[in-house]
Amino acid sequence: MTILRTEKLYKHFDGVKVAQDVNFSMEHGEIRCLIGPNGAGKSTFFKLVLGEHQPSSGEIYFSDQKITKLRSFERVKQGIAVKFQVPGIFSELSVWQNMQIAVQNHLHGDSMTSAIDKALAFVRLTDKAGELAGELSHGEQQWLEIGMAVSTEPRLLLLDEPTAGMTPEETARTGEMIQELNRKGMSILAVEHDMEFVRQIAHKVTVLNFGEIFAEGTINEIEANEEVARIYLGTADDDE
Amino acid sequence: MGMLQREDLKASRPDGRMPGWLRLINGPQTLGRGPLFWIVFALTIGAAVVYPAFADAWSVGNTAYFFCWVFMALGLSLIWGYAGSLSFGQTAFFGLAGYTYGVVTINFGAAYGLTIVGVLLGVGMSCLGAAVLGYILFYGRISGVFLGIVTLSTTLVFATFMAQTAGSQWAIGDARLGGDNGMTGMPPLTIPWAGGDIALYSGVPLYYLLLAMLVICYLGLRVLVNSRFGNVLVAIRENPHRAEMLGYDIRRYQLIAFVIGSGLAGLSGVLYTAWGQYISPSNMDLAAAALPIIWVAVGGRKDLTATLVGTLVVLGIFQNLTIFGSYYAFVIMGLLLVIVVVFLPEGLIPGLVKFFGRFRKRKEGMS
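Just so it is clear, the structure is predicted and the values come from calculations on it, not from any experiment.

K.L.:
Tell me about the overall build of chain B, and name the residues and values.
P.N.:
Looking only at helices and strands, chain B features 14 helices and six strands. Over its C-alpha trace chain B gives a radius of gyration of 21 Å, about what one expects of a compact globule, namely 21 Å for 367 residues. Each of the three principal axes of chain B carries a C-alpha extent, and together these read 75 × 50 × 45 Å. Counting every position in chain B, which comprises 367 residues, the buried fraction comes to 51%. Looking at chain B alone, contacts between residues at least 24 apart form 76% of all its contacts between residues at least 6 apart.

See the structure below:
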C-alpha cells in the first residue's frame, strides 16, 4: 500500500521549472531518502507535499487520499509530520511546553502527559523537561523537534536534513531513532546529504535533478550508477 | 523579586495534584505563580478595596478613570504580547464601542438597564468590527509590520471620518456625532435597582464596579492564556510556521485573539464614555493610538501582570506630565518607549525579573 504518491507534479516559479513531471511513490513502512545536488528541487518537493507550495499541475495522494488542495495544517491532521532543517521549536518555552503544544491537539489529560513522557524518553530529553528549549544544544534541539513531530504519532514523517550540524555521535543516535520509529510502523521520507547516514537508514533512495526524478533504487544501485555520480560531481546550479 | 523569579519562565510538567482551574490560573504563560505572589495580590486587592475610605473623591474618580483604560491594555497584551500580532487598532474599537454606547443611550435613555444594553452593544460592535477587519488581515496572510500599518490606517481613517461629522446631518436618531467636538450627553452607567436606578457617576460605586471587573478580567485572561488556546497563541508568536505544522489553523487562533483583545478595547471605550459622558475622535487619533502600545511595551507585553502594573504606572506618569504640557508628555512617552525597546525589549518588569534571576543564580553559584 502506498503511503505517498504524486502524479505528474509540476511547479513553476515565474517560468522557472522547479518540479517537472514528478511521479513519486513510496510504500507504507518504508524509509526513503531523497538526494540530489543543490538546486535539484528536494526542498520544493517537500514543500509541495506539505502544502506550503501549491503545484502548478498534478496531484498528491496520501494513503490514496487526494490532499493536493488541503492546507498545511489539514495535511498534518491527516497524519503527516515534519522536522525542518533549522530546528523549528519554540525557543522561549520549556521543553515540556514545546511537547505539550505538539500533543494537546490530539490528546488530553493523563494520556497527553504519558505521551509527552514517552516522547521525551525516546529523544532522551526527560531530564531537560524544565529547560528552555532555546538553551538546549543544537543536537538536542533537533531531537526535541523530532520528539514533537513523532509525539503526534504520524503515519508519515518528513525529515529535512535531520542530522545537519550534528556531531558524529548525535548523527548515529538520530539514525537509531529513525530506525526505531520505522520498526513501529512509521513511514519516513528524509532529505539528506550525508551519504553515510543515507546508507545507515534508507530502504530506497530517490535522486532528484533539475526538478525531475533522475534515478531510484537501493543505496547500492544508486552508488553504482555512474550518471548519479556525474550529476553530483557536475556543475548543477545552486539554487537551494 | 522572589515572587517573580526566573524559574517562573522555565515551566516543567504541571503538578497533577493541583486542581485544573488552579493550574490554569497559575500556568507557565504568566509571571507570578508562587504563594508569595498571591499573598501580594490579595493584599493589593485589599488595599484597593479600602482605598476610597482614605482618598478624596477626585482621587477615587481618577483611579476609576485609570481602570477604564486597563482593559484595552490587557486586550493588546493578548493580541500583541501573547499572539504576536502588533495592532494599532485598539483605539478604533475603543471609539466604535464608545460611540455605540452614546447612540444607544442617548436614543433610548438609561431606564430599565438600557445603559447595560449600551455596554453590551458597544462591546459587541467592537467585536464585530474586529472580526471583519481581522478576517481580512489574518485570512489575507497580512502579518508583521504590515499588520501594524493596516490597523493604524484603519484607526486613522475612522478617526478622520468621525472628525468631519460636525453637521446636523450626522446624527443617528437623537445622537449627534459631533465631529471634532465629539459626542456628549449620554447618561452614565445606570444599574436598575428596586428602590430606584443607581447612576454610576465618577465616584465610589463606579470605582468598585470597575475594580471588580478588572479583577475578573485579569483572572479570566490568566486562565485563557494558560489554557490550550493560550498555548497555541504563544506557539504562534514564537514560531507560526512550526505551529501550523503541528496541525493548528493559526489564522483562526489569531482572529479569535484579535476579536477578544479588540472587544476588551471596546469595553474600555464604553466604560470611558460612561465615566466621562463624552467620546471624541481625539480618543482615536495617532497620538491616542500610540499610547496603548507604550503602556504595554513599557510594562511587558508578554505578561498580563506586567501589562496591568505597567499601564497603571505609565498612566500615572503621563497624567502628571500633562500638568507641564501635553506635548512634552507625549515626547517623554516616546522617549520612554525608545529606551525600553532598546534596553529592555521585553519590558521593564520581565527585564527586571530576568536581571534579578541572573543575579540570584550567580550568587548561588558563588556560594
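K.L.:
Hey, could you go over the side chain of arginine 301 of chain B for me, with residue numbers and the actual values?
P.N.:
All names here are of chain B. Mapped onto the elements of the fold, arginine 301 is located in the loop between helix H11 (286–299) and helix H12 (304–322). Reaching out from arginine 301, the side chain makes a polar contact with the backbone oxygen of proline 345 at a distance of 3.0 Å. The contact partners of arginine 301, leaving out residues within four places of it in the chain, are Ser77, Trp80, Gly81, Tyr82, Val296, Thr307, Pro345 and Glu346.

K.L.:
Could you give me a rundown of the sheet that holds strand E11 (residues 212–217) of chain A, with the residues and numbers involved?
P.N.:
Residue and element names in this part refer to chain A. The six strands are arranged E7-E8-E9-E4-E10-E11 in an open sheet whose pairing can be described as mixed. Whereas interior strands pair on both sides, the edge strands pair on one side only; in this sheet they are strand E7 (80–83) and E11. Adjacent strand axes in the sheet meet at a mean angle of 20 degrees, parallel and antiparallel pairs treated alike. In the sheet, strand E10 (residues 204–209) pairs with E11 via five bridges, with the strands oriented antiparallel. Among the inter-strand pairings, valine 205 is bridged to a residue of E11, identified as glycine 217. Packing of helix H1 (residues 42–50) onto the sheet brings it into contact with strand E4 (31–35), E7, strand E8 (156–160), strand E9 (187–191) and E10, and relative to E8 it is tilted by some 150 degrees. Along the sheet, helix H5 (residues 138–150) contacts E7 and E8; its crossing angle with E7, the most-contacted strand, is approximately 175 degrees.

K.L.:
Could you give me a rundown of the domain arrangement of chain A, with the residues and numbers involved?
P.N.:
Residue and element names in this part refer to chain A. Parsing chain A into structural domains produces domain 1 (2–79 + 154–233) and domain 2 (90–153). With centres defined by C-alpha atoms, the gap from domain 1 to domain 2 works out at 25 Å. Listed per partner, the contact involves 17 residues of domain 1 and 14 residues of domain 2. The junction of domain 1 with domain 2 conceals about 1300 Å² of combined surface from both sides, 68% of it contributed by carbon and sulfur atoms. Interface area lost by domain 1 to domain 2 is led by Pro154, Arg173 and Met177, which between them contribute 39%. At the boundary of domain 1 and domain 2, one finds zero salt bridges. Across the contact surface, domain 1 and domain 2 share four residue pairs in polar contact (both at pLDDT 80 or more). For the side of domain 1 that touches domain 2, the element with the highest residue contribution is helix H6 (residues 168–183), accounting for six residues.

K.L.:
Quick rundown of the nonpolar core? Include the residues and the values.
P.N.:
Residues and elements named next belong to chain A. Within the largest apolar cluster, 141 residues are counted, with the highest numbers of intra-cluster contacts made by Leu144, Leu157 and Val205. In this structure, this core is formed jointly by two domains, domain 1 (2–79 + 154–233) and domain 2 (90–153), each of which donates at least three residues. The next biggest cluster of nonpolar side chains, apart from the first, holds 27 residues, and it includes Phe45, Leu50, Ile60 and Leu156.

K.L.:
If you had to explain the packing of helix H3 (residues 95–103) of chain A against H5 of chain A to someone new, which residues and values would you point to?
P.N.:
Residues and elements named next belong to chain A. H5 packs onto H3 with a crossing angle of 30 degrees between their chain directions and a minimal axis gap of 8 Å. As the angle between them shows, H3 and H5 are arranged roughly parallel. Between H3 and H5 lies a crossing whose hand is right-handed. Between H3, through Val95, Asn98, Met99 and Ala102, and H5, the contact on the second element is made entirely by Leu144, Gly147 and Met148. By residue class, the composition of the contact of H3 with H5 is five nonpolar, two polar and no charged.

K.L.:
Explain the side chain of threonine 91 of chain B to me, using residue names and the numbers behind them.
P.N.:
Checked against the element boundaries, threonine 91 of chain B lands in helix H4 (residues 90–108). When sequence neighbours within four positions are dropped, the list of residues in contact with threonine 91 of chain B reads Met72, Thr155, Asn283, Met284, Ala288, Ala289 and Pro292 of chain B.

K.L.:
Hey, could you go over the packing of helix H3 (residues 57–82) of chain B against H4 of chain B for me, with residue numbers and the actual values?
P.N.:
The axes of two packed helices give the description: the angle between them and the distance between them. Residues and elements named next belong to chain B. As a packed pair, H3 and H4 sit with axes 10 Å apart at the nearest point and diverge in direction by 135 degrees. On the basis of the axis angle, H3 is oblique to H4. In the packing of H3 onto H4, the handedness of the crossing is right-handed. Counting all contacts with H3, which are made through Trp69, Met72, Gly75, Leu76 and Ile79, the residues of H4 involved are Gln90, Thr91 and Phe94. Its residues placed into classes, the contact of H3 with H4 shows five nonpolar, three polar and no charged.

K.L.:
Describe the interface of chain A and chain B, with residues and values.
P.N.:
Contact residues are listed per partner, giving 38 residues for chain A and 30 residues for chain B. Across the chain A/chain B interface, buried area totals approximately 2900 Å², and carbon plus sulfur atoms make up 51% of it. Together, Phe73, Phe90 and Gln104 of chain A form the three largest contributors to the area buried by chain A at its contact with chain B, with a combined 20%. Our enumeration of links across chain A and chain B arrives at three salt bridges. Residue glutamate 92 of chain A is joined to lysine 302 of chain B by a salt bridge in which the shortest nitrogen-to-oxygen separation is 3.2 Å. One can count 16 residue pairs in polar contact (both at pLDDT 80 or more) joining chain A with chain B. Elements with a contribution of two residues or more to the side of chain A that touches chain B: helix H2 (72–78), E7, H3, helix H4 (109–122) and H5 of chain A. Ranked by the residues each element gives to the side of chain A that touches chain B, the list is headed by H3 of chain A, at five residues. Of the residues belonging to the side of chain A that touches chain B, the class tally is 16 nonpolar, 13 polar and nine charged.

Conventions and cut-offs
Residues numbered from 1 in each chain as written. Chains lettered and ligands numbered in written order. Predicted model: local features only at pLDDT ≥ 70, side-chain atom pairs only at ≥ 80, totals over all residues. Heavy atoms only, no water. Helix = DSSP H or I, 4+ residues; strand = E, 2+ residues; numbered from the N terminus. Rg over C-alpha atoms; globule rule 2.2 N^0.38 Å. Buried < 20%, exposed > 50% of the residue type's maximum accessible area, 1.4 Å probe, protein only. Contact = heavy atoms within 4.5 Å. Polar contact = N/O pair within 3.5 Å; in protein donor to acceptor, adjacent residues only side chain to side chain. Pairing = 2+ DSSP bridges. Axes fitted to C-alpha atoms, helices over the stretch in contact; angles between N-to-C directions. Domains from an automatic or database assignment. Buried area = accessible area lost by both parts, 1.4 Å probe. Salt bridge = Lys/Arg side-chain N within 4 Å of Asp/Glu carboxyl O. Core = buried A, V, L, I, M, F, W, Y, C linked by side-chain atoms within 4.5 Å. Parallel < 35°, antiparallel > 145°, perpendicular 65-115°, else oblique. Left-handed = near helix turned anticlockwise from the far one by under 90°. Nonpolar A, V, L, I, M, F, W, Y, C, P; charged D, E, K, R; others polar.

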